[in-house]
Amino acid sequence: MPPPHSTSDRKIPTYIVAPPAVSSYNRAKDMEGYVGFANLPNQVYRRSVKKGFDFTLMVVGESGLGKSTLINSLFLTDIYSAAYPGPSQRIKKTSKVETSNVHLKENGVNLRLTIVDTPGFGDQVDNSNCWQPILEHIDTKFEEYLNAESRVNRCSLPDKRVHCCLYFIAPSGHGLKPLDVELMKRLHDKVNIIPLIAKADTLTPDECKDFKKRILKEIKENEINIYEFPDVEDEEENNVSKKTAERVPFAVVGSNMILEANGKRVRGRQYPWGIAEVENLDHCDFIPLRNMLIRTHMQDLKDVTNNSHYENYRCKNLSAVTAGEGKKASSKMAGKNPLAQFEEERREHEIRMQKMKSEMEQVFEMKVQEKKQKLKDSEMDLQKRLETMKKSLEQQKNELENRKKQFQVERAAFEHVMEERRKNDTKKSKTLKPGRLFASPGHD
């Protein structure tokens, strides 16, 4: 393995634009038509090499998918080693975002590489809001860059924004998990997402092909925006870019072991049935991924981050300032002029008022119906009570009638008895009047 600060032994060609060579006879004549701005590319090149380049790469995925090994394989250096193990090798795994800064140098070109990893992502029993630290980290870096741009003295702006996110998908063969869909939907408007199928050597070629189709289908169905390869003017480069884009999501295999295969030393993984070579297009998509990420599209990833994702964040924050302190501007308002924002807010206000009116009418109608129902229930209750009282009065009336009849019968019987007694008394009195039956005492 090459030393830590050397990423490749291959020479990078440097093209220097210079004025055409002329003979000494015609030099004075030709110099009259030569201005010198053709050397601007050389000036930009020298300045860029002197300044160096910044690139921030985020790796997201569950533990045990080979993220650390793949990063080491991409840059041919021990970014994760025994002194600084990868996320899956650490004892304490939390969802906290951690960064690793590495200074790489190749043929005089300096690259300040920042690796952002999330140890413990998706490993908890409850993964609710496990993506929040990732979103907060990306927004924090955008905010730091925006604050640095807003300062009076902004001579040096360290670019720590996340330029690319390698999202590792478990080689299950069953498509994306709900956690994968939820996280990518929250990330796709903040960072360039490049989906990877981790440990592709566990799938057969047909399984890998079907798995790729299923992943792309689910990404399209869930309206997730992944990194799109730009069109270039050069036809040959455009064809290569299209062929690379056809391999998305990249099925990768990572390994730092050097093995012997057919008399050649290759990096790969040893299995009983053979060797899975990392740098073999028939075995995995490692080479297209490395070429795209490092050799051909690194600058485009940075440009998309700066011109698209960061500008969206910047416009959203500046729109919030124009809308008023403490009031956040919606994502629909980002990038619109104040008049358009005012018109949009007016329409939204009218929609809200119409909705409130409709809701109030529904509430009023509901209350009226409830009142009617209460009155109806009260009327029914009163009707029942009236019926009950009528039945009670009718029953009391019947009882009184019965008692009255019984009283009249008893009265008639009593009057009859009294009449009989009166008659008997009268008869007795008539019988005793004609003479005295008994003489009074003292007379003979």
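Residues numbered from 1 in each chain as written. Predicted model: local features only at pLDDT ≥ 70, side-chain atom pairs only at ≥ 80, totals over all residues. Heavy atoms only, no water.

Engineer: Provide a residue-level description of the overall build of the chain, including the pertinent values.
Structural biologist: For the chain, the count of helices and strands is ten helices and nine strands. Taken over 444 residues, the chain has a buried fraction of 32%. Considering only contacts within the chain whose residues lie at least 6 apart along the sequence, 67% involve residues at least 24 apart. By element, 53% of the accessible surface of the chain is carried by carbon and sulfur atoms, the whole surface being about 30,700 Å². (Helix = DSSP H or I, 4+ residues; strand = E, 2+ residues; numbered from the N terminus. Buried < 20%, exposed > 50% of the residue type's maximum accessible area, 1.4 Å probe, protein only. Contact = heavy atoms within 4.5 Å. Areas by Shrake-Rupley, 256 points an atom, 1.4 Å probe, with all protein chains shown as cover.)

Engineer: Hey, could you go over helix α7 (residues 235-245) for me, with residue numbers and the actual values?
Structural biologist: Here α7 has its buried residues at Asn238, Ser241 and Thr244. Along the axis of α7, the buried residues cluster in a sector spanning 120°; they form a single face. The exposed set on the far side of α7, more than 90 degrees from its buried face, consists of Glu235, Glu236 and Lys243. Summarising the contacts, the buried residues of α7 are in contact with β6 (250-251) and α8 (286-296). (Arc of directions from axis to C-beta.)

Engineer: Tell me what's going on with the packing of aromatic side chains, and back it up with residues and numbers.
Structural biologist: Summed over the entire model, instances satisfying the criterion amount to five aromatic pairs. Aromatic ring contacts, followed pair by pair, group Phe142, Tyr145, Tyr310 and Tyr313 into a single cluster. Seen from the ring of Tyr145, Arg161 lies directly overhead, with NZ or CZ sitting 3.8 Å from the centre. Between Arg161 and the ring centre of Tyr310, over which it is positioned, the NZ or CZ distance is 4.8 Å. (Phe/Tyr/Trp six-rings, centres within 6.5 Å; stacked < 30°, edge-to-face > 60°. Lys NZ or Arg CZ within 6 Å of the ring centre and 35° of its normal.)

Engineer: So what's going on with unusual backbone geometry? Residues and values would help.
Structural biologist: Peptide bonds are mostly trans, and most non-glycine residues show a negative phi. The amide bond that connects Val248 to the next residue, Pro249, takes the cis arrangement and shows omega of -5°. Along the polypeptide, Pro249 turns up in the loop between α7 and β6. Here the phi dihedral of Asn107 falls at roughly 50°; this positive angle occurs in a residue that is not glycine. With respect to the secondary-structure elements, Asn107 resides in the loop between β2 (98-106) and β3 (109-117). Even without being glycine, Lys199 reaches a positive phi, approximately 50°. Assignment of secondary structure puts Lys199 in the loop between β5 (193-197) and α6 (205-221).

Engineer: So, the sheet that holds strand β7 (residues 258-261): which residues are in play, and what are the values?
Structural biologist: Within a sheet, each strand pairs with its neighbour through backbone hydrogen bonds, oriented either parallel or antiparallel. Spatially, three strands are ordered β7-β8-β9 in an open sheet, and the strand pairing comes out antiparallel. Two strands lie at the open edges of the sheet, namely β7 and β9 (274-277), each paired on one side alone. Adjacent strand axes in the sheet meet at a mean angle of 75° when their direction is disregarded. Sheet topology places β7 next to strand β8 (residues 264-271); four bridges connect them, and they run antiparallel. Within the sheet, the bridge partner assigned to Glu260 lies in β8 and is Arg265. (Pairing = 2+ DSSP bridges. Axes fitted to C-alpha atoms, helices over the stretch in contact; angles between N-to-C directions.)

Engineer: Residue-level account of the sheet that holds strand β1 (residues 53-60), with values.
Structural biologist: If you trace the six strands from one edge of the open sheet to the other, you get β2-β3-β1-β4-β5-β6, paired in mixed fashion. Both edges of this open sheet fall to β2 and β6, since each of them pairs with a single strand only. Across five bridges, strand β4 (residues 164-169) lies against β5 in parallel orientation. From the neighbouring strand, Phe168 faces β5, where its bridge partner is Leu196.

Engineer: An account of the nonpolar core is needed here, citing residue identities and associated values.
Structural biologist: Core analysis: the biggest nonpolar cluster contains 70 residues, and Leu166, Ile194 and Leu289 have the highest contact counts within it. For Leu289, the residues in contact, after removing those within four places along its chain, are Leu70, Leu74, Leu166, Ile194, Leu196, Phe250 and Val252. (Core = buried A, V, L, I, M, F, W, Y, C linked by side-chain atoms within 4.5 Å.)

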